[in-house]
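For reference, the chains in residue letters:
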Amino acid sequence: MAEIRVQNVHKFYDRVHAVRDVSLTVADREFLVLLGPSGCGKTTLLRCIAGLERVDAGSIRIGDRDVTELPPRRRRIAMVFQSYAVFPHMTVFENIAFGLRMQKRPAAEVRRRVQEAAELLHIENLLERHPAAASGGQRQRIAVARAIAVGPEVLLMDEPLSNLDALLRLEMRAELKRLLSELKTTTVYVTHDQVEALSMGDRIAVMRDGVIVQDDRPLAIYDRPVDRFVGGFIGNPPMNFLDAEVERTDGRLRVRLPGGTVELAAPADGGLGADAPPGRLILGVRAENLELARQSRPDAVEGEVLVVEPLGSHNLLTVAVGEERIKAVTRADETATPGEHVWMVLPPEKLWWLDRETGRALAAEPPAAPA
Ligand code: ATP
């Protein structure tokens, strides 16, 4: 069992409070992504788990051991850095063997483990070469192979794909996901790339200003962001937000929006639209949940198409509603023309309501317990 339990951890750099009272549990074999904008403290938190930084308060447990005061080499972790950090003067074999040699494992075991790790990463044919003769993607594989060869209880990865070009990143993303699901090693993976986070993690912890603001399954975070920051950070395009004045009449909602007033049925399943209290709110809606209409209808907000971006599999529209701009996704064969007058249909069961003052979702749930 290698569960990670971070409890009430604080980390300061002089006066910068980089990690603020963070508590986080990563279940045994779980793949947790720490996601957040630059400077939010995710690398610092990862380095605290690794033992590369001392925490100023709080505790860290790995499995049944309190590792708060243990040096990195005694934590049974392995780390993969953004910079790969492969040793140029050693062959690929010796690079992968590095941790095993440090642990003074017998030569036969070193050979076997290096071979196994190399096979998992599909780099067996590189073992006798030097890293200089390997591509960027291959070097990243060498770094990952070196980390997993020691059979760590916990794998910590800090933006491991961000030095790769876009195509390679895509390929390595899927490959790492496969690898990690085969290995079943408890993993914490730091990234600022929300697509990576959504596509790879069992769970995502979103950080902002040293605090974990939401911790849940990827699609739960996507559909039900805890606040405006998370809804704007996760998803491409980000969630649309419009100021709304809500009135309730006979189970229906009258919603005044920048582009006009819409009448919405309360969803049959008692979804979020039904729960919106009257008053000044923010309406959140994902671009793909808006439907394009060519005629006025009560449940649609009027707008003007500004930009049409054909993206092959779909079109991305920028639509002006009142003074605001929203994004809408339409099927590839359902296109529009800039300047065209359109109506964007709001599906009541897909609307997400936030408090105008705090920016917090009305239905924000407490963080989910780990799977
Ligand atoms: P990035 O994605 O840019 O690496 P991050 O979310 O990983 O960002 P951290 O690197 O953890 O953020 O930094 C958190 C805060 O702590 C930032 O304000 C940063 O400037 C500060 N910080 C990080 N390392 C140090 C250090 N060694 N000395 C002083 N301040 C630091």
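Refer to the structure presented above.
The structure displayed is predicted, hence computed values, not measured ones.

Conventions adopted
- Throughout this document, residue positions are counted from 1 along each chain, in the order its sequence is written.
- Selection of residues for local features in this predicted model requires a pLDDT of at least 70, selection of side-chain atom pairs for listing and counting requires 80 or more, and totals for whole chains, interfaces and linings are taken over all residues.
- Hydrogens and water are ignored here; the side-chain numbers use all heavy atoms of the structure.
- Only strands that DSSP links by at least two bridges are regarded as paired with each other.
- Each helix is a run of H or I in the DSSP string that is no shorter than four residues. Each strand is a run of E no shorter than two, and both are numbered from the N terminus.
- For every element, the axis is a line fit to its C-alpha atoms; helices are fit only across the contacting stretch, and the angle between N-to-C directions ranges from 0 to 180 degrees.
- Only heavy atoms matter for contacts: two residues are in contact if any of them lie within 4.5 Å across the pair.
- When we say a residue is near a molecule or strand, we mean one of its heavy atoms is within 4 Å of it.
- Polar contact criterion, stated in full: a pair of N or O atoms within 3.5 Å, where within protein one must be able to donate a hydrogen and the other to accept it, and residues adjacent in sequence count only if both atoms are side-chain atoms.
- Only the protein chains shown count as cover for residues, and the accessible areas themselves come from Shrake-Rupley with a 1.4 Å probe.
- Think of it as three bins: nonpolar holds Ala, Val, Leu, Ile, Met, Phe, Trp, Tyr, Cys and Pro, charged holds Asp, Glu, Lys and Arg, and polar takes everything else, Gly as well.
- Just to be clear on terms, a salt bridge is a Lys or Arg side-chain nitrogen sitting within 4 Å of an Asp or Glu carboxyl oxygen.
- Burial classes follow relative accessibility: with a 1.4 Å probe on protein chains only, a residue under 20% of its type's maximum area counts as buried, one over 50% as exposed, and anything between as partly exposed.
- Expected span of a helix, by definition, is 1.5 Å for each gap between consecutive residues, and there is one gap fewer than residues.
- To obtain the arc, one takes the directions from the helix axis to the C-beta atoms.

1. Brief notes about the sheet that holds strand β8 (residues 186–191)
With mixed pairing, six strands are arranged side by side in an open sheet as β6-β7-β8-β3-β9-β10. Strand pairing shows two members of the sheet lacking a second neighbour, β6 (77–80) and β10 (211–216), which therefore form its edges. Here the average twist between neighbouring strands, direction ignored, is 20°. The pairing of strand β3 (residues 31–35) with β8 spans five bridges and is classified as parallel. Across the sheet, residue Leu35 finds its bridge partner in β8, namely Thr191. Where helix α4 (residues 136–149) meets the sheet, it contacts β6 and β7 (154–158), and its direction lies at approximately 175° from that of β6. Sheet strands in contact with helix α5 (residues 166–183) are β3, β7 and β8, and its direction is about 165° off that of β7.

2. Some words on the site of the ligand
Around the ligand sit Tyr13, Val16, Ala18, Pro37, Ser38, Gly39, Cys40, Gly41, Lys42, Thr43, Thr44 and Glu159, and those are all the residues in its vicinity. One of the backbone N or O atoms of Gly39 is found 2.7 Å from an oxygen atom in the ligand. Backbone polar atom of Cys40 to an oxygen atom of the ligand: 3.0 Å apart, as the coordinates give it. Burial of the ligand by the protein amounts to 58% of the accessible area it has alone, namely 630 Å². Breaking the shell around the ligand down by element, the ones donating at least two residues are β2 (16–26) and α1 (42–50). With three residues, the single largest contributor to the shell around the ligand is α1. For the shell around the ligand, a count of residues per class yields five nonpolar, five polar and two charged.

3. What about the pattern of salt bridges?
Taken as a whole, this structure holds 25 salt bridges when the rule is applied. One salt bridge connects Glu30 with Arg203, and the closest N-O pair in it is separated by 2.8 Å. Residue Glu30 is found in the loop between β2 and β3, and its partner Arg203 is found in strand β9 (residues 203–208); the two are separated by 173 residues along the sequence. Assessed through its relative accessible area of 5%, Glu30 is described here as buried.

4. Section: helix α2 (residues 92–102)
Residues Val92, Phe93, Asn95, Ile96, Ala97, Gly99 and Leu100 constitute the buried set of α2. Its buried side turned inward, α2 meets α3 (107–120) and α4.

5. A look at the pairing of strand β18 (residues 324–331)
As a general feature of sheets, a regular strand has side chains that alternate between the two faces. In the sheet, strand β17 (residues 314–321) pairs with β18 via eight bridges, with the strands oriented antiparallel. Residue pairing across strands places Leu317 opposite Ala328, the latter belonging to β18. Between β17 and β18, which pair antiparallel one after the other, the connecting turn spans two residues, and Gly322 there sits at a positive phi close to 55°.

6. What to know about α5
End to end, α5 covers 25 Å across 18 residues, agreeing with the expected 26 Å (1.5 Å per residue, within 8%). If you check which residues of α5 are buried, you get Arg169, Met172, Glu175, Leu176, Leu179 and Leu180. Within α5, the buried residues cover an arc of 135° as seen down the axis, which keeps them to one side. Opposite the buried face of α5, by more than 90 degrees, sit the exposed residues Leu167 and Ala174. On the buried face of α5, the contacting elements are β3, α3, α4, β7, β8 and α6 (194–200). Backbone geometry just downstream of α5 places Lys184 in the positive-phi region, at approximately 55°.

7. A word on the sheet that holds strand β1 (residues 4–13)
Strand order in the open sheet formed by four strands is β2-β1-β4-β5, with antiparallel pairing between adjacent strands. A single partner strand is all that each edge strand has here, and the edge strands are β2 and β5 (65–66). Sheet topology places β1 next to β2; seven bridges connect them, and they run antiparallel. When the sheet's bridge partners are listed, Val6 is paired in β2 with Leu24.

No statement about biological role is implied by the geometric values presented.
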